[in-house]
Amino acid sequence: MFRNFKHHLFRSPYQSMAAILVISLSLFLISVFFLIGMGFRGILQYFESRPQIIIYLKDEATSQAVDLLKAKIEGSGKAKEVEYVSKEKALSIYRELFKDKPLLLEMVTAKILPASLEVSPNNLDCVHDIVEMVKGESIVEDLEYEEDVITNLQKLTTVLKKVGIGIAGFLLFVSVLIVLVVLGMRIFQRKEEIEILKLLGAARCYIYFPLYLEGIFYGVMGALISWGFSYLALYYSTPFLKNFLLGIPLLPVSFLFMLKLLAGLIILGSFVGLLGSLLAVLRSSRSIR
Amino acid sequence: MIQFEKVTKKFGSIVALKEVSFEIKKGEFVFLTGPSGAGKTTVIRLLLGEYLPSSGEIRVGEDKINKIPSRKLFLYRRKIGVVFQDYKLLEDKTVEENVALPLEIRNLSNREIKEKVKEILEQVGLTQRSHLFPAQLAGGELQRTCLARAIITEPEILLADEPTGNLDPKTSLEMIKLFKKVNEKGTTILMATHNREIVDSLKTRVIELEKGEIIRDEKEGKYHCKSNNSSREADKNV
């Protein structure tokens, strides 16, 4: 049966190549969407894990007043964590952030940086409530919160997920059709041979197993090619993306993650190839008893 | 061994067989004769399970063909050898590969296949032709390849649909000798034929069909007693 599979595969190499390339293209686009989706998810998680409200305090704020405000926020039950960042700590954070740019460090002292309270709310709905609660306080100089950024990112991720699933579904459907057409042609070419084999007492699996193998082979080859291209595309775009995502620890993507992507693509490709071949066999086997 | 009981086969409004009944015992050699369109090939195809009868019952050994589900048909077909007028050999396989096919299908080991193929090719006199492709063979050699493929599994029943239809008289008689040898080993043979000479030479059972009905069933029959003159003329030309 394996010998038959090899024999039939190389009987029409251009048809095989066409099927493999279409599956490769589909799986490549699917893996690109997947990687972008995972990237957005990572960015969202990064923003969600950071304190989302920063309350800048006036220089004259006493430690007693700061403690009172901190207790008020904690007591509201809407915040997971409230951390006081003194002027000195703010300076050390600033130094760490710009350690590679000495020019930006020269003129900055602890005096010019404000002390602040960094608040991590329980969820996005609490951001608005906490902001309303502290807005009128006399020791509050300014407020910074990322509610809109996170909401927009969440919306974008959801849209991307839906569009990605739609496009992936369409591409997979096209791939299944291509395998169905290629293997359907193969079965049509072999119609007489299949008829003879049936009359000689060949079991269905003896006749059709090489075709199922061929479908799976197309899928696996498509998965390997698409993964190779995805890996190269990510590898060469990493330096650019790193500058773009300054401070967000997403890149470089680990090799283990890419191996998991490869496994996923192989499973998806095999499924597409097998489904295409099953449909081709089902379509043809109706003609010969 | 083979039993047809009031078998009718219709293709739309055309009646190919009409309430045909006969029984063939184990080890018999039976000729199925009759003019074109009489229903000979339909009988063979019904026995192969290619068609299902419209009514009636067909038994082969323990099997009722009507009752065999499609997915198990291959097991039934493995009990039968078949020789076709148009040979039905695979063009991209050599003589020995074609002959080996039924054994490959049964998952025999390469060693067993090689031994059996060698033995059977010797029997049909094709040892020297074993590496040739069908396109490189003469009609008689093609038919001997087809016979070798049919008997390599030592089936209990051998069906032959016009096996000498494309052969000259001398080659036809040689083929019939081979069939006779197979029959002498105990294989039941049902052969549909137009060939007067071979039917007359064997003096064995003859079932004659006309318009889908049995018009004659003789134990030691000769070719064609009751058909019309025009078909006699056609047979003379074979």
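Draft legend 1. Just the overall build of chain A, in detail. Tallying secondary structure elements over chain A gives 10 helices and four strands in all. If you list the helices and strands of chain A from N to C, you get α-α-β-α-β-α-α-β-α-β-α-α-α-α. At 30 Å, chain A has a C-alpha radius of gyration far larger than the 19 Å of a compact globule built from 289 residues. With the model as given, the accessible surface of chain A reaches about 16500 Å², and the carbon-plus-sulfur share is 67%. When the 30 basic and 26 acidic side-chain charges of chain A are each reduced to a single mean position, those positions are 18 Å apart.

Draft legend 2. Highlighting the nonpolar core. Ranked by size, the top nonpolar core spans 68 residues in total, and within it Phe4, Leu47 and Phe179 of chain B carry the most contacts. Counting residues per element, this core draws most heavily on helix H5 (residues 139-151) of chain B, at six residues.

Draft legend 3. The arrangement of the side chain of Asn195 of chain B in detail. Residue and element names in this part refer to chain B. You can see Asn195 is positioned in the loop between strand E8 (188-192) and helix H7 (196-202). Judged by relative accessible area, Asn195 falls into the buried class, the value being 9%. At a separation of 3.3 Å, a polar atom in the side chain of Asn195 contacts the main-chain amide nitrogen of Ile198.

Draft legend 4. Here's a closer look at the packing of helix H4 (residues 110-124) of chain B against H5 of chain B. Residue and element names in this part refer to chain B. For the pair H4 and H5, the least separation of the axes is 10 Å and the interaxial angle reads 135 degrees. With respect to each other, H4 and H5 are oriented oblique. As H4 runs across H5, the sense of the crossing is right-handed. Contacts between H4 and H5 pair Ile120, Gln123 and Val124 from the former with Arg144, Ala148 and Ile151 from the latter. For the contact of H4 with H5, the class distribution of residues is four nonpolar, one polar and one charged.

Draft legend 5. Quick look at the confidence of the model for chain A. Averaged over all residues, the pLDDT of chain A equals 85, while 93% of them reach at least 70. Looking at the elements of chain A, mean pLDDT is at its lowest for helix H1 (residues 2-9) of chain A, recorded as 68, and at its highest for helix H10 (residues 255-285) of chain A, recorded as 91.

Thresholds, definitions, all that
- Residues numbered from 1 in each chain as written.
- Chains lettered and ligands numbered in written order.
- Predicted model: local features only at pLDDT ≥ 70, side-chain atom pairs only at ≥ 80, totals over all residues.
- Heavy atoms only, no water.
- Helix = DSSP H or I, 4+ residues; strand = E, 2+ residues; numbered from the N terminus.
- Rg over C-alpha atoms; globule rule 2.2 N^0.38 Å.
- Areas by Shrake-Rupley, 256 points an atom, 1.4 Å probe, with all protein chains shown as cover.
- Lys, Arg positive; Asp, Glu negative; His and termini not counted.
- Charge placed at Lys NZ, Arg CZ, Asp CG, Glu CD.
- Core = buried A, V, L, I, M, F, W, Y, C linked by side-chain atoms within 4.5 Å.
- Buried < 20%, exposed > 50% of the residue type's maximum accessible area, 1.4 Å probe, protein only.
- Polar contact = N/O pair within 3.5 Å; in protein donor to acceptor, adjacent residues only side chain to side chain.
- Axes fitted to C-alpha atoms, helices over the stretch in contact; angles between N-to-C directions.
- Parallel < 35°, antiparallel > 145°, perpendicular 65-115°, else oblique.
- Left-handed = near helix turned anticlockwise from the far one by under 90°.
- Contact = heavy atoms within 4.5 Å.
- Nonpolar A, V, L, I, M, F, W, Y, C, P; charged D, E, K, R; others polar.
- pLDDT = per-residue confidence, 0-100.

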